[in-house]
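Each chain, letter by letter, is given below.
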Amino acid sequence: MLDPHKFDVLIVGAGQAGGQLACGLRMAKFEGSIGLIGDEADPPYERPPLSKDYLMGEKSRERLYLRNDDFWENQQIDLKLQQRVVSIDPIEQTVTTDKGNLFSYGSLVWAAGGTPKSIPLPRISPDRVFTIRTLADIDRLNAKLSHIENIAIIGGGYIGLEAAAVFRKLGKGVDLVEVAPRLLSRVAAAEMSDFLLKVHGDHGVRFHLGMSVQDITDGDPLTLHLNTQTSIDADIVIIGIGIEPTITPLAEAGAEIGNGIHVNAFCQSSLPNIYAIGDCVSFKSPYANDHWVRLESVQNANDQAKVVVQHILGREKAYTAVPWFWSDQYDLKLQTIGLTHGYDNVILRGDPQTNSFSLVYFRKNLVCAIDSINRPLDFAQGRLLLGKAIDQKDPRLKEISIPFKELLDHP
Ligand code: FAD
């Protein structure tokens, strides 16, 4: 009988990264005890559908789960849900939860993701303000959707845009307020921002770019007062302005922190026997000129989990996986490979009006990222271009009928 309060590997955060790590350890025949603590009610599940087909009502709850219910027990992964780790003692190698439980660990893996940033809205009823991060968020939102007509979204990032697409497909009126002068300004070039603005505009989304919400008056409907002296009426407000990495217990335990928990190439934090993976982590990426980055993607969560599996098994395999990401909006599949951080030039390949094109980003003459819309071949072959000094004046780069591979085979 295993001691329930002592684990060889204790994972905090039963989400994408934590769930994959626990599975990965068992798949790799790790025989030690594994504890997986999560503060949500559900076992590990995928978040991407929350702003896509699950929100749309086209995907069942069961299909979100990483594994079926009995997997965890069958694999002797001790899943402890609805329990939050509130402190860590790195000397004694223990954690304490909000339920007053104390667990000890051989290795601790912090996989606690992030919490949606909020904005203070003291004057409106909390049941009319929503975020899109957890299954519980979407269940609460879905319960409301059939009774309402107009939705205001604050934030023009991927989640806000994906939700806008779903709401328009459901026939809701959508106003989207974005403080930056263009959409996705942190991660994508203006060509992509303009394209998405047009697509969503054609679908009826009303944009308020370069504006912010100053105040909201409660009522039926709510009135959002913008800094431009204009206002928007809506039944509910969605806040989609990004996440704060969940780091507090580790920070209080003394871990080195930047924009997330600092980890090395093996996902080790600065504290002994404590790893960190997923959305809560900041690391020096070779794909961003060795600058610190914090990535919010399934790829990053899964690949960092693989690195930790190997390290726990005694194999040092540095995290070098190519970053990639996708987003679905209407009939568009956006795929990104590489990181656009610090890009200094971008080449448009194809014609955005055809809903099929790519953007090739350069940093110091080397290809650093490719964004593609409905161009799976560019996404697949774009990986080969990363880090290469492709001639930016080569006309073939702009010609979508010529595969990227051709540029490499015949420079
Ligand atoms: P999470 O999956 O958030 O898991 C962390 C878990 O830890 C959570 O359950 C949290 O509640 C729990 N936790 C936090 N603190 C504690 C604590 N102290 N004690 C116990 N448990 C704790 N990525 C893509 O690549 N493509 C997409 O299209 C895409 N779409 C997305 C759509 C939405 C709506 C969202 C929210 C994310 C999307 N992502 C997408 C991002 C992707 O889902 C995340 O990058 C990924 O889930 C990160 O995994 P994680 O394990 O680090 O964090």
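Residues numbered from 1 in each chain as written. Predicted model: local features only at pLDDT ≥ 70, side-chain atom pairs only at ≥ 80, totals over all residues. Heavy atoms only, no water.

**Student:** Got a sec to walk through a negative patch on the surface? Specific residues and values, please.
**Tutor:** A cluster of acidic residues, Glu62, Asp69, Asp70 and Glu73, forms a negative patch at the surface. Note that Glu73 resides in helix 3 (residues 69–74). (Patch = residues over 30% accessible without salt bridge, like charges linked within 9 Å, V, L, I, M, F, W, Y side chains within 5 Å. Areas by Shrake-Rupley, 256 points an atom, 1.4 Å probe, with all protein chains shown as cover. Salt bridge = Lys/Arg side-chain N within 4 Å of Asp/Glu carboxyl O. Lys, Arg positive; Asp, Glu negative; His and termini not counted. Charge placed at Lys NZ, Arg CZ, Asp CG, Glu CD. Helix = DSSP H or I, 4+ residues; strand = E, 2+ residues; numbered from the N terminus.)

**Student:** Now, about the site of the ligand: what can you tell me, with residues and values included?
**Tutor:** Neighbouring the ligand are 33 residues; Asp39, Glu40, Lys52, Arg133 and Asp279 lie closest to it. In the environment of the ligand, an oxygen atom lies 2.8 Å from a nitrogen or oxygen atom belonging to the side chain of Arg47. Looking at side-chain class alone, the shell around the ligand contains 15 nonpolar, 10 polar and eight charged residues. (Near = heavy atom within 4 Å. Polar contact = N/O pair within 3.5 Å; in protein donor to acceptor, adjacent residues only side chain to side chain. Nonpolar A, V, L, I, M, F, W, Y, C, P; charged D, E, K, R; others polar.)

**Student:** Which residues make up the sheet that holds strand 12 (residues 213–217), and what values do they have?
**Tutor:** As summarised here, the arrangement of the three strands in space is 12-13-14, forming an open sheet in which the pairing is antiparallel. If you trace the sheet from one side to the other, it starts and ends with strand 12 and strand 14 (231–234), each paired once. The sheet shows a mean angle of 20° between the axes of neighbouring strands, taken without regard to direction. Across four bridges, the pairing between strand 13 (residues 222–226) and strand 14 is antiparallel. Opposite His225, over in strand 14, you have Ser231 as the bridge partner. (Pairing = 2+ DSSP bridges. Axes fitted to C-alpha atoms, helices over the stretch in contact; angles between N-to-C directions.)

**Student:** So what about helix 5 (residues 158–169)? Which residues, and what values?
**Tutor:** An ideal rise of 1.5 Å per residue puts 16 Å on 12 residues; helix 5 measures up with 17 Å between its terminal C-alpha atoms. The buried count for helix 5 comes to nine of 12 residues, which makes it a mostly enclosed element. Looking one or two places after helix 5, you find Gly171, whose phi comes out positive at around 85°. (Expected span 1.5 Å × (residues − 1). Buried < 20%, exposed > 50% of the residue type's maximum accessible area, 1.4 Å probe, protein only.)

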